[in-house]
Amino acid sequence: MEKFEVEKHKNEDSPDFNGKKKKQLGGIRTMPFILANEICDKFAAAGFHANMITYLTQVLNLPLVKASNTLTNFSGTSSFTPLVGAFIADSFAGRFWTIIVGSIIYLLGMVAITVSAVMPQLRPPPCPSQENCQEASSKQLSILYLALLLTSLGTGGIRPCVMTFAADQLEMSKEKTESRSWNFFNWYYFCMATASLLAATVVVYIQEHVSWGWGLGIPTAAMAISLIAFLLGSSMYRKIKPGGSPYVRVVQVITAAIKKRRVPVPPPTTLYENRHLDAPISTDGRLLHSNQLKWLDRAAVVVGSESESTSKPNLWRLATVHRVEEVKSMIRLLPIWGAGILHVASHSHLGSFTIVQARSMNRHLSPSFEIPPASMSIFSTLTVLSCLPLYERLFVPLARRFTANPTGLTCLQRMGVGFGINILATIVSALIEMKRKAAAADHNLLDKPTAIIPITVFWLVPQYCLHGLAEVFMSVAHMEFLYDQSPESMRSSAAALFWIAIAIGSYTGTLMVSLVHKYTAESGNWLPDRNLNRGKLDYYYWLATGIQVINIIYFVTCAYFYKYKPLQQLTDEGQQLDVESADDNKPFPTPTPPSHV
């Protein structure tokens, strides 16, 4: 039997065996340390990556498509490694130590690229004209790739654990969370957006107008501070000890079901249950039997000699209903999770092509000050920062009047709105690119890639704001949905899924760019390497719009058939509270509201 130890969170200090009071762990007082770590970490990551397309194209002299694909691939890798981090944290290391080790590895990667930016021999000669430039050598690129690889590995230890580690410090039962007036996921995302805003303004400005050494050194220092801030609160944290890999339990259930594939499935009331065995992995409540994916129920059928050893069963042959439902819950949420992949792919251009567009436009706020191209992302971040509080304080009470749902919208409804807004954002992107190219043609600048087109960069603001608004709806709801609908013992893995969707979306974005670049080369390349004025970026945006329309149809179909996990919780008085699944006939089910903190 797997071991799983939890230090219980209590409202009052309780005496230990020696009659002394134990120190109360966890609670809201730990949030400053954890969120300070997250803010500094996000500031470092955003400052590191926000303007990296400029560093690759203007300093290392890489072609635009090669630079874009390099960043997209490593961004995808950074989002895939959290699955490994979640496995390590849940299996043997625990979230606390996984965060520590991941932060150290990330810091080493940032030190490496900062050193490469400071030492002239680690970069090619400057090329202000951006014509016939000498690209970075293999040795110089190896330093870059090493730094990006280390940051990708470090991210794997940080991303799946920080959010769930913060939730470990708070009372997450339904009874407790409904009594609070604020949503943990909204404010967690708010902190990340705040850090991104600081990075997109302060750090990017330093990179553009001071030096890349300082521009990368400051995020590196911030990463070191984040590690120190996290360590300062270590004595106050509730640290849930790992209880064995949840992936092993998934394989055990599937293996048991396959071994009994010829066994008829009996009525649900006769399936094997063992509350003592499941107690360590069901502290928030016990999963009830559901009527979907019934072929997995065979894993919980007691046959032959298994009835003689039900207290200590062979888990590779017999699983409890709760463990079977864990697997069902993860399988059920995968189609919804998958809809986020094309959402990410559709706006992966924001960190590359849109920055190149901004660089070609008039960015002056005054005769002596102009906005760095990478700082245009502040408009997306400002939209997130302003709309998250408005969503919670204004939109939710208003929507509640129409939906009779305490949360205003369910996670699925909120995600659907985000998908729709993102489609509108991509349409606006196509229209603005058409206007930018028309201005370049009117002033005979189509063949001058480094010339500034006399059109204000603020034409790009609407698409940034719409993408930010889509993030408020889609990204936050996606994160909350995965956390709420995953089994409690698999929440690190669920957090990893959020980033894996970004990973696959990034790779999909790379594939889209590469295919478009390859197959449009002979008939007027949509995405040329050096001169975007002669490209057809607007065509690419229309392609992305069509893909998103297909994606939202897929999402609505999946949401229509989705069944929320049935959970039986215990109240403070010890009474059982059954939380039934939503009505299957509703296209966007309205279940008992997801957990709020």
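Anything mentioned here points back to the structure above.
To keep things clear, this report deals only with the structure shown in the data block. (Residues numbered from 1 in each chain as written. Predicted model: local features only at pLDDT ≥ 70, side-chain atom pairs only at ≥ 80, totals over all residues. Heavy atoms only, no water.)

**Description of the overall build of the protein chain**
Looking only at helices and strands, the protein chain has 16 helices and seven strands in total. Expressed as a percentage of the 597 residues in the protein chain, the buried residues total 57%. Across the protein chain, contacts joining residues at least 24 apart in sequence account for 82% of those joining residues at least 6 apart. (Helix = DSSP H or I, 4+ residues; strand = E, 2+ residues; numbered from the N terminus. Buried < 20%, exposed > 50% of the residue type's maximum accessible area, 1.4 Å probe, protein only. Contact = heavy atoms within 4.5 Å.)

**Re the packing of helix α1 (residues 31-49) against helix α7 (residues 212-232)**
Contact geometry for α1 and α7: axes closest at 8 Å, N-to-C directions at 165 degrees. With respect to their mutual orientation, α1 and α7 come out roughly antiparallel. α1 and α7 meet at a crossing whose hand is left-handed. From α1, Phe 33, Ile 34, Ala 36, Asn 37, Cys 40, Asp 41, Phe 43, Ala 44, Gly 47 and Phe 48 reach across to α7, where they touch Leu 216, Ile 218, Pro 219, Ala 222, Met 223, Ile 225, Ser 226, Leu 227, Ala 229, Phe 230 and Leu 232. Its residues assigned to classes, the contact of α1 with α7 shows 17 nonpolar, three polar and one charged. (Axes fitted to C-alpha atoms, helices over the stretch in contact; angles between N-to-C directions. Parallel < 35°, antiparallel > 145°, perpendicular 65-115°, else oblique. Left-handed = near helix turned anticlockwise from the far one by under 90°. Nonpolar A, V, L, I, M, F, W, Y, C, P; charged D, E, K, R; others polar.)

**Observations concerning helix α8 (residues 246-259)**
The terminal C-alpha atoms of α8 lie 20 Å apart, and with 14 residues this matches the ideal 20 Å at 1.5 Å per residue to within 8%. Listing the buried residues of α8 in full gives Pro 246, Arg 249, Gln 252, Val 253, Ala 256 and Ala 257. For α8, the buried positions fall inside an angular range of 125 degrees around the axis, keeping them on one side. (Expected span 1.5 Å × (residues − 1). Arc of directions from axis to C-beta.)

**Re the nonpolar core**
Leu 56, Ile 336, Met 376, Leu 412, Met 415 and Phe 481 are the most contacted members of the largest nonpolar core, which has 142 residues in total. With 15 residues, helix α3 (residues 64-118) is the single largest residue contributor to this core. Within the second largest apolar cluster, 12 residues are counted, among which are Leu 271, Leu 296, Ala 299 and Val 327. (Core = buried A, V, L, I, M, F, W, Y, C linked by side-chain atoms within 4.5 Å.)

**Re helix α16 (residues 537-561)**
Relative to the 36 Å expected for 25 residues at 1.5 Å per residue, α16 spans 37 Å between its end C-alpha atoms, a close match to the ideal helical length. Within the sequence span of α16, burial applies to Leu 537, Asp 538, Tyr 540, Tyr 541, Ala 544, Thr 545, Gln 548, Asn 551, Ile 552, Phe 555, Cys 558 and Ala 559. On the buried face of α16, the contacting elements are α10 (321-346), α11 (353-359), α13 (411-442) and α15 (491-519).

**Points about a nonpolar patch on the surface**
On the surface, Val 111, Val 115, Val 118 and Met 119 cluster together to form a nonpolar patch covering roughly 290 Å² of accessible area. Counting through the fold element by element, Val 118 comes out in helix α3. (Patch = residues over 30% accessible without salt bridge, like charges linked within 9 Å, V, L, I, M, F, W, Y side chains within 5 Å. Areas by Shrake-Rupley, 256 points an atom, 1.4 Å probe, with all protein chains shown as cover. Salt bridge = Lys/Arg side-chain N within 4 Å of Asp/Glu carboxyl O.)

**Some words on the side chain of Arg 95**
Tracing the backbone shows Arg 95 in helix α3. For Arg 95, the side chain forms a polar contact with the side chain of Ser 492, separated by 2.7 Å. The contact partners of Arg 95, leaving out residues within four places of it in the chain, are Ala 89, Asp 90, Cys 161, Thr 164, Phe 165, Asp 168, Ile 240 and Ser 492. (Polar contact = N/O pair within 3.5 Å; in protein donor to acceptor, adjacent residues only side chain to side chain.)

**Side note on the pattern of salt bridges**
Applying the stated criterion to the full structure yields 10 salt bridges. In this structure, the salt-bridge partner of Arg 363 is Glu 370, at a minimum N-O distance of 3.8 Å. The shortest N-O distance in the salt bridge between Glu 433 and Arg 436 comes to 2.9 Å. With a gap of three residues between them, Glu 433 and Arg 436 both fall in helix α13, about one helical turn apart. Exposure class is identical for Glu 433 and Arg 436. Each is buried. Within this structure, Asp 297, Glu 325 and Lys 328 form a network of salt bridges that share partners.

**Observations concerning the packing of aromatic side chains**
The final tally for this structure, using the stated rule, is 22 aromatic pairs. Judged by centre distance (6.3 Å) and plane angle (40 degrees), the rings of Phe 96 and Phe 165 are tilted. Of this pair, Phe 96 sits in helix α3 while Phe 165 sits in helix α4 (residues 138-168), and the two are 69 residues apart along the sequence. Comparing Phe 96 with Phe 165, the two get one shared label, buried. On the basis of an interplanar angle of 65 degrees and a centroid distance of 6.3 Å, the ring pair of Phe 353 and Tyr 540 is categorised as edge-to-face. In this pair, Phe 353 sits in helix α11 while Tyr 540 sits in helix α16, placing the two residues 187 residues apart along the sequence. You'll find Phe 353 and Tyr 540 in the same group, each marked buried. Chaining the aromatic ring pairs together yields one cluster made of Phe 96, Trp 97, Phe 165, Phe 230 and Tyr 237. Stacked on the ring of Trp 499, the Lys or Arg Arg 159 has its end atom at 4.2 Å from the ring centre. (Phe/Tyr/Trp six-rings, centres within 6.5 Å; stacked < 30°, edge-to-face > 60°. Lys NZ or Arg CZ within 6 Å of the ring centre and 35° of its normal.)

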